[in-house]
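# Topology and contacts: notes
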Amino acid sequence: MRNTFTLLFAALLMAFVGCKNKEKYPGPLTPEKALESIQVIEGLKVELFAAEPLVTDPVSMEFDEDGNCYVVVMSDYPDKPAPGKEKGHIRVLRDTDGDGKADTSIVFADKLSEGTSILPWKGGLLVTAAPEILYMKDTTGDFVADTREVLFSGFFKDNPETQITNLRFGVDNWIYANNRGQDGNVTFSEKPGTPPLSVKGADFRFRLDRGLFELETGPGQFGQALDDYRNRFVTENSIHLQQILIPWRYTHRHAFLPSTRSIKNISDHDPIMFQESATPWWRAERTKRRNQEFQEKKLKRVEYERDHFTGASGGTFYNGDALPKQFYGNIFTGEVAGNLVHRDILTSSPDSVFFTAKRPAEEAKREFIYSKDNWFRPVNFSVGPDGYLYVLDYYRQHIETPVSIPDDLKADMDFYNGADKGRIYRVMPAGGAYKKATPALSKASSDSLVQLFNHPNQWYASQAHRLLVERQDKTVIPALQKVFHESADPRARLHALYVLEAYDALNAGIVKEALADSSNDVKEHAVILAESYAALLPTLLALVKDAPAKLTLQVALSLGQFNAPQVTPALVQVMERFGYDRTIQMAVLSSNAGSAPATLDALFKSSLASDSTKLPNVFVHDCSYVIGNRNNKAQLQQFVSLLEQPAMVFNKRQAIAIKGLVNGWEKSTTIAADLKPKVTALKGKLKNINGETITQLKELVASTK
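Residues numbered from 1 in each chain as written. Predicted model: local features only at pLDDT ≥ 70, side-chain atom pairs only at ≥ 80, totals over all residues. Heavy atoms only, no water.

Labelled according to an unreviewed UniProt entry, the chain appears under the name Putative membrane-bound dehydrogenase domain-containing protein, originating from Chitinophaga niabensis.

## Description of the overall build of the chain
Check the secondary structure of the chain and you find 22 helices and 28 strands. What you see for the chain is a C-alpha radius of gyration of 28 Å, in line with the 27 Å of a compact globule of 705 residues. With respect to the principal axes defined by its C-alpha atoms, the chain has extents near 95 × 70 × 55 Å. Going through the 705 residues of the chain one by one, you find that 58% of them count as buried. In the chain, of all internal contacts separated by at least 6 residues, the share reaching a separation of at least 24 is 65%. When the accessible surface of the chain is split by element, carbon and sulfur atoms take 53% of a total near 28800 Å². If the 83 positive side-chain charges of the chain are averaged to one point and the 85 negative ones to another, these points end up 6 Å apart. (Helix = DSSP H or I, 4+ residues; strand = E, 2+ residues; numbered from the N terminus. Rg over C-alpha atoms; globule rule 2.2 N^0.38 Å. Buried < 20%, exposed > 50% of the residue type's maximum accessible area, 1.4 Å probe, protein only. Contact = heavy atoms within 4.5 Å. Areas by Shrake-Rupley, 256 points an atom, 1.4 Å probe, with all protein chains shown as cover. Lys, Arg positive; Asp, Glu negative; His and termini not counted. Charge placed at Lys NZ, Arg CZ, Asp CG, Glu CD.)

## A closer look at the confidence of the model for the chain
Confidence in the prediction for the chain averages 95 pLDDT; 97% of positions are at 70 or higher. Taken together, the stretch residues 1-20 has pLDDT below 50 and engages in zero contacts with residues farther than four places along the chain or on a different chain. (pLDDT = per-residue confidence, 0-100.)

## Section: the sheet that holds strand E20 (residues 263-265)
Within a sheet, each strand pairs with its neighbour through backbone hydrogen bonds, oriented either parallel or antiparallel. Read from one edge to the other, the open sheet built from four strands follows the order E17-E18-E19-E20, with strand pairing classed as antiparallel. Sheet topology places strand E17 (224-226) and E20 at the edges, where each strand pairs with a single neighbour. Within the sheet, the average angular offset between the axes of one strand and its neighbour, ignoring direction, is 25 degrees. Across two bridges, strand E18 (residues 232-234) lies against strand E19 (residues 242-244) in antiparallel orientation. In the sheet register, Val 234 faces E19, and the bridge partner there is Gln 242. (Pairing = 2+ DSSP bridges. Axes fitted to C-alpha atoms, helices over the stretch in contact; angles between N-to-C directions.)

## Observations regarding the UniProt feature "domain: DUF7133" (unreviewed entry) in the chain
In this structure's numbering, the residues bearing the UniProt feature "domain: DUF7133" (unreviewed entry) are residues 31-429. Structurally, residues 31-429 comprises 8% helix and 36% strand, and the distance from its first C-alpha atom to its last is 21 Å. (UniProt positions renumbered as here; feature names shortened; annotations may be inferred.)

## Some words on helix H4 (residues 281-296)
With 16 residues, H4 should reach 22 Å at 1.5 Å per residue; the first-to-last C-alpha distance of 23 Å fits that figure. When H4 is considered as a whole, its buried residues turn out to be Trp 282, Arg 283, Arg 286, Thr 287, Asn 291 and Phe 294. Buried residues of H4 fall within an arc of 155 degrees about the axis and therefore sit on the same side. In H4, the exposed positions angled more than 90 degrees off the buried face are occupied by Lys 288, Gln 295 and Glu 296. Buried positions along H4 lie against helix H5 (407-410). (Expected span 1.5 Å × (residues − 1). Arc of directions from axis to C-beta.)

## As for the pattern of salt bridges
This structure, assessed with the given rule, holds 41 salt bridges. Arg 207 is the salt-bridge partner of Glu 501, the closest N and O atoms lying 3.0 Å from each other. One end of the pair, Glu 501, is in helix H9 (residues 490-502); the other, Arg 207, is in strand E15 (residues 203-207), with 294 residues separating them in the sequence. As far as burial versus exposure is concerned, Glu 501 and Arg 207 are alike and both buried. Glu 400 is the partner of Arg 286 in a salt bridge, and the nearest nitrogen-oxygen pair spans 3.6 Å. With a gap of 114 residues between them, Arg 286 in helix H4 and Glu 400 in the loop between strand E27 (389-393) and H5 connect regions that are remote in the sequence. (Salt bridge = Lys/Arg side-chain N within 4 Å of Asp/Glu carboxyl O.)

Structural data, given as structure tokens:
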């Protein structure tokens, strides 16, 4: 009797706890009911493409050249799977009857450790699965991978939210990946003798057609968008859209810059988003506690429980043709904490080196897609051969790193509740019917692939470009040249230009023609390619006179690759036009020529001598810092000779310059051991700079070896 009572009491207690949990956290909806809960802006509709049991926990989806749909399933999140116990895998979803819904699911590869992204390559898939980038391929036609090769290894593997991810093929033939700046020493299996590459503080890019791999500017988290002209945008949890401004190869061509950060939040409306779902109980309670703690400690900090980006994810550039034309070029970002999809329109200005991301007018007070279902977790997107926008819904009750939640709050939270669920939706015109696409590009001739470069759905152009790079079929060089010379579409001309580059079929004449292209976007890439042709330096110099800011930025960066006396006056001219811009300043300083005392001297003798806007003190400081950090005696001597110039006295430049030089000099890795204490002592006297300070500085410079 006692045992019966005990069991009954336990059952009642469990039922009570279960009911209490349901009150805190609503249960899941069926795929059909979840679809009904999704609200999209007027003129569009959302359809269900796939759901459990065909797919669960989707985080990445790509279509190969034949339209086959591959989905990465990440079932182990948020924990790290034990070796041999990995649940992650890749599935092939097939719509065999053409009704627009997946009806067949095949496991392409299983036991995947924290796989997060894929990219078609040579009939198989490149896969990011920290600490590796893998290559998997089905060689028998059954959609099951039978080869698995480790290409890159050594990436960070301790947090699934900040690991190597988001593979994207760029029009410049490089494959880009986010690394969140995490530490790691990366090796390439095809280059066994190459020393490991430290990727700390950077993202990553590689070229399999050339066997190249290197660091790239970041850091991006989960979400990377490359537009038609390889402008690169990344997502971070609380900053939903940032633009990469200067590539790593420029900011690190010398080691002396005071800062190499070149990423910008381009949103004009951060951090606000419009959430329609209820705030989860744990988040509201945690926020309440944190704000109380801030107040008790008298900190000027406020945490928001809702309506602010905290779970931005999967930023994707839409380049399809199935949605109305106004959506082309938009960037879509999921907000997994807010249960919504956000849309940005990119705008540009001739006086700005970066885009501005704006809300569409019709979404001034709402989001592109939202749901009141707290389980709706739009983590990523895809655009395929049919031109529609696909939304990947992770569909979990909770999606948060457990370590960030107090123990008492997560006691009744099941972070795997929903691991048996997942949905993929298709966004399409409200009045339209689904139109199936069957590209079959793997069987297309190389000549016919070239003709796809101006396709209205640029998915076709990108696939054709990649296939041509893979094939190395140089019989199409005449066709590529014809497209480059004659196409009215600048996107097609750029595709042709870079496939020619992949075929080693460029020459100074072709690049010079590209430098005169009617599109500034094509010109920008031509400037990069011109770095390989010394004869094109005069053409680059001519662009400095009237190019818009963004093109001028690239010209300044590329001029720094040339060792020629004409470079310094050209960089001065760049400053005369856009010296007020911090990114332009970094571009100038990133080169040896632009950060030399001769450049300061030329600037002081230019029209900027008394201009504090286009020759601001921050530039003077940073240039002086580089000179000090470089620790070159001849440059140090030339620098102190500039201190008496009238332009140096203007606007307190002299004091700013001395502080910059001494700060950089003290941190130099080559400064003599007996000299460093003296420089440090001088640094302590810089609050009141006078003639004696300058004399001491000159004496220290004279004593350098």
